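Examining the three-dimensional arrangement
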Amino acid sequence: MSEHFDVVIIGSGAGGGTLAHALAPTGRRILILERGDFIRREKQNWDATEVWVKHRYRNSGNWTDTAGGEFLPKQHYYVGGNTKMYGAVLFRKRERDFAEVRHVDGCSEAWPISYADLEPYYTQAEHLYHVHGERKVDPLEPWTTGPLPYPAMSHEPRVEQLSADLASAGLHPFHLPLGIMIDEDDPVHSPCIRCDTCDGFPCLVYAKADAQVVCVEPALEYPNVTLRTNAYVARLDTTPDGRHVSEIVVERNGEHERYTADVVVVSAGAINSAALLLRSANQHHPDGLGNSSGVVGRHLMLHNNSALTAFSKFPNTTVFQKTLGVNDYYYGDGDWEFPLGAMQMLGRSDADTIRLNDPRGEAGDPEELGRHSLDFWITTEDIARWDNRVVAGPDGSIRLEYTPTNLEAHDRLIAKFKSLLETMQCREDVVFAQHYLGGRLGINGVAHQNGTVRFGHDPATSALDVNCRMHDVDNVYVVDSSFFVSSSAVNPTLTIVANALRVAEHLTSRLAGHDVSG
C-alpha cells in the first residue's frame, strides 16, 4: 500500500530543503525523501586529513567517465545535500548572465526569465541564508531592491593588506557574500567561532547557513512535514496515460516503499535528478520521464575551476580566509573580446593539504609553505553542450560524458591571476590544488553541477516550463540546478535557493486550487 502526501520532495539540499521550508506553513502534508542521513557531528568534521585525504564524507560510491574510468565524485548524500560541505559563497548571477553571452567557444543561451523576474526571490534568499556582505563594491553586482541583511564578514590583517594591494593596482576587491551566522560585535554569543575549517568541511557548530540548518530543521517543526532518511528513489511510475506520476518507488533500509503525491518535486542535484528521470523510462516515456525533447541528462555544466595556492612573502596568520573576491575580469580584461571569469579566496591550506597537492615537495617544505599559504578559487563559464551528459544505468550507476569548454578563457584568467602575484606580495610560483574541490578541470569536482533538465518555453527544446514543471508530466517539478540553461561564472547556490522560493510561490497557488496555467 502506498502512503499519500500532498507534496513529496526528493532531496533536501539547496533546492529541496528551501522548498520544504517555504511550503511548510501551508499546512499541506509534505514528505522529504533524503538518500542519505544526518551527517554525524564528530571532531573529524574539522579534520583536513579525514575530509580531504581519507574522503570520510564522500558517500556516493564511484561513477565513471567517458572512457569508463572510475572516479569518486565530491558528491555528498546527507540531509542538507552538498550545502553541508559548500563554502557558503552566495552570489547573485550578474544581470547580463540572463541574456545571451558570447564566449570564445560559443554562446551561452538566454534564460526564459530575466534577472528582474528573480530579483525579489534573491532578496528573500539572502535573508533566509543569512548572507553577510556589502553592496556597490563588486563592480558587476546587479541592481537590488534592498541591502544585504548582515554586514560583511571582516578581513583579517593579511587579507586586508591583500585587498589594499589589489586596489592599488586599479582593481575592485570586495567582501564575498557569505552565508555564515556570525556576530562580530558579540563574539561570545556568535554561533560562528571563525574557525579555519568552514570551506569544504561540515560545520560542527551549525553556524554555516546550509540547507539542513536554515531550512530542513525549521520545516520539521511543523507537524505536517515529515523527513525520511536513507531513502533512495529508484524510479517514478506514471499513470496509464503517462501524464502524471502515480507512485514513487523507494528503497529504504533494505525494504521497498511506495508513496503517492499530488505534486512530486525532484531535487536530488543536477546529476542525480537527471539519472532518476532517465531510470524512470516507460512505454509513454521511452527515453526517460518527461524527455520527449531529448534534453534530460544533456547540457551538463560543471564550471571550469582551479584551486590555486600562492605563497605570501611574509607569514599569513589568517584563520578564516575566504572573505575576498575580485570580479574585474568577469566579462574580460580589455585586451580580449571574450569573458574571463571570477576570482575568490578559499579556506587556508595547511601542511597536510600542501603535502597532498605537492607530494614530491617540489614547492618546498610543507610546514613552512603552510605558514605562508594564500588560497584562491578561479572560475570561468563552460558552455552547455548537447554531448555533455549524464548516462544512468538501471542499477543506479552513473556515467558522465563531459568535455570542458572555454579552456582558453580559463588559462587566460589563471595567467591574469599569476600576473598579480607581485602586487599581492607573493612568490612567483603557485601550487594547483588538485584535491581541493576538484582541482583544475577535475571531472570529480561536481559541486557546481547544473543544466541537465533545462527550463524554457518550447517543449521541443526544454524539459521544464518556466515554473520548473515538466512539459510532459503535469505533477512533476525540478528545483535544483538542473533547470539552468547557462552556468555563468558565479557559485550557483543562491540562484538555486531563489528559484526554489519562486517555484514555492507557484506551488502554493496550485495547492490552494488556483489557476496556475502558463
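Not measured: the values here are computed from a predicted model.

**Considering the overall build of the protein chain**
Along the protein chain, the regular secondary structure elements total 10 helices and 22 strands. Compactness check: the protein chain gives a C-alpha radius of gyration of 22 Å against a globular reference of 24 Å for 518 residues, within 12% of the reference. Structurally, the protein chain occupies a C-alpha span of about 70 × 50 × 45 Å along its principal axes. Residue burial in the protein chain is summarised as follows: out of 518 residues, 62% are buried. For the protein chain, the proportion of contacts with a sequence separation of at least 24, taken over those separated by at least 6, is 73%. By element, 49% of the accessible surface of the protein chain is carried by carbon and sulfur atoms, the whole surface being about 19100 Å². Charge-centre separation for the protein chain: the mean point of 46 positive side chains lies 3 Å from the mean point of 69 negative side chains.

**Thoughts on the pattern of salt bridges**
Considering all chains together, one arrives at 32 salt bridges under this definition. Notably, a salt bridge pairs Glu257 with Arg252, separated by 3.3 Å at the nearest N-O pair. Here Glu257 matches Arg252 in class, with each residue buried. Because the salt bridges share partners, they merge into one network encompassing Arg40, Glu42, Glu50, Lys54 and Arg56.

**Describing the nonpolar core**
Ile10, Leu33, Tyr129, Leu236, Ile248 and Leu400 are the most contacted members of the largest nonpolar core, which totals 115 residues. Here this core takes 9 residues from helix H10 (residues 493–511), the largest share from any one element. Leave out the neighbours within four places in its chain, and Leu33 touches Val8, Ile9, Ile10, Gly11, Arg228, Ala231, Val233, Ile248, Val250 and Tyr259. Core analysis: the next-biggest nonpolar cluster, separate from the first, contains 26 residues, Phe338, Met345, Leu413 and Ile414 among them.

**Quick look at the sheet that holds strand S7 (residues 131–133)**
One open sheet accounts for 3 strands, arranged S8-S7-S10; its pairing is mixed. Two strands lie at the open edges of the sheet, namely strand S8 (150–151) and strand S10 (178–179), each paired on one side alone. Looking at chain direction, S7 and S8 are connected through 2 bridges and run parallel. Directly across from Gly133, in S8, lies its bridge partner Pro151.

**Section: the side chain of His175**
Along the chain, His175 falls in strand S9 (residues 174–175). On the accessibility criterion, His175 (17% relative accessible area) is buried.

**Describing the environment of Ser488**
Within the secondary structure layout, Ser488 lies in the loop between strand S22 (476–478) and H10. Expressed as a C-alpha distance, the spacing of Ser488 and Lys93, which sit 395 residues apart in the sequence, is 7.1 Å. Setting aside residues up to four positions removed in sequence, Ser488 forms contacts with Lys93, Asp97, His303, Tyr330 and Glu381. Among the polar contacts made by the side chain of Ser488, one reaches the main-chain amide nitrogen of Val490 at a distance of 3.4 Å.

**With respect to the confidence of the model for the protein chain**
Mean pLDDT over the protein chain: 94, with 97% of residues reaching 70 or higher. Low pLDDT, under 50, characterises residues 435–440; the predicted model gives this stretch 35 contacts beyond four residues in sequence or across chains.

**Let's talk about the pairing of strand S17 (residues 342–345)**
It is a general feature of regular strands that their side chains alternate between the two faces of the sheet. By the alternation rule, side chains of S17 split into Ala342 and Gln344 and Met343 and Met345, which are all buried. One ladder, built from 2 bridges, connects strand S16 (residues 324–326) with S17; its direction is antiparallel. Looking across to S17, one finds that Gly325 is bridged to Gln344. Direction of pairing for S17 relative to strand S18 (residues 373–380): antiparallel, over a ladder of 4 bridges. Paired with Ala342 across the two strands is Thr379, which belongs to S18.

**Here's the deal with the packing of aromatic side chains**
Inspection of every chain in the model, using the stated rule, returns 16 aromatic pairs. Judged by centre distance (5.7 Å) and plane angle (85°), the ring pair of Trp111 and Phe455 falls under edge-to-face. One end of the pair, Trp111, is in the loop between strand S6 (106–108) and helix H3 (115–128); the other, Phe455, is in the loop between strand S21 (431–432) and S22, and 344 residues separate them in sequence. Phe455 carries the same exposure label as Trp111, and that label is buried. In this structure an aromatic cluster arises from ring pairing among Phe98, Trp111, Tyr115, Tyr122, Trp143, Phe455, Phe483 and Phe484. Note that Arg29 overlies the ring of Phe5, its terminal NZ or CZ placed 4.3 Å from the centroid. Across from the ring centre of Tyr206, 4.2 Å away, lies the NZ or CZ of Arg41, which sits over that ring.

**Examining the sheet that holds S9**
What the 6 strands build is an open sheet, ordered S9-S16-S17-S18-S15-S21; its pairing is antiparallel. Both outer strands of the open sheet, S9 and S21, are each paired with one neighbouring strand and no more. Bridge count between strand S15 (residues 304–311) and S21: 2 bridges; the pairing is antiparallel. For Leu308, the partnering residue across the bridge sits in S21 and is Phe432. Relative to the sheet, helix H9 (residues 407–419) contacts S15, S17, S18 and S21, its axis offset from that of S18 by approximately 150°.

**Describing the state of the cysteines**
Across all of its chains, the model carries 0 disulfides by this definition. Considering cysteine sulfurs only, Cys195 is the nearest to Cys192, which forms no disulfide, with 6.5 Å between them. In this structure Cys192 comes out as buried when scored by relative accessible area, which is 11%.

**So, H3**
Given a rise of 1.5 Å per residue, 14 residues ought to cover 20 Å, and the 19 Å separating the end C-alpha atoms of H3 matches this to within 8%. Most pronounced at Tyr121, the bend in H3 amounts to some 30°. Buried within H3 we find Tyr115, Leu118, Glu119, Tyr121, Tyr122, Thr123, Ala125, Glu126 and Leu128. One side-chain oxygen of the residue at the start of H3 lies 3.3 Å from the amide nitrogen of Ala116, identifying that residue as Ser114. Of the residues flanking the end of H3, it is His130, one or two places downstream, whose phi is positive at about 55°.

Conventions we followed
- Residues numbered from 1 in each chain as written.
- Predicted model: local features only at pLDDT ≥ 70, side-chain atom pairs only at ≥ 80, totals over all residues.
- Heavy atoms only, no water.
- Helix = DSSP H or I, 4+ residues; strand = E, 2+ residues; numbered from the N terminus.
- Rg over C-alpha atoms; globule rule 2.2 N^0.38 Å.
- Buried < 20%, exposed > 50% of the residue type's maximum accessible area, 1.4 Å probe, protein only.
- Contact = heavy atoms within 4.5 Å.
- Areas by Shrake-Rupley, 256 points an atom, 1.4 Å probe, with all protein chains shown as cover.
- Lys, Arg positive; Asp, Glu negative; His and termini not counted.
- Charge placed at Lys NZ, Arg CZ, Asp CG, Glu CD.
- Salt bridge = Lys/Arg side-chain N within 4 Å of Asp/Glu carboxyl O.
- Core = buried A, V, L, I, M, F, W, Y, C linked by side-chain atoms within 4.5 Å.
- Pairing = 2+ DSSP bridges.
- Polar contact = N/O pair within 3.5 Å; in protein donor to acceptor, adjacent residues only side chain to side chain.
- pLDDT = per-residue confidence, 0-100.
- Phe/Tyr/Trp six-rings, centres within 6.5 Å; stacked < 30°, edge-to-face > 60°.
- Lys NZ or Arg CZ within 6 Å of the ring centre and 35° of its normal.
- Axes fitted to C-alpha atoms, helices over the stretch in contact; angles between N-to-C directions.
- Disulfide = S-S within 2.5 Å.
- Expected span 1.5 Å × (residues − 1).
- Bend = angle between axes of the 7 residues up to and from the residue.

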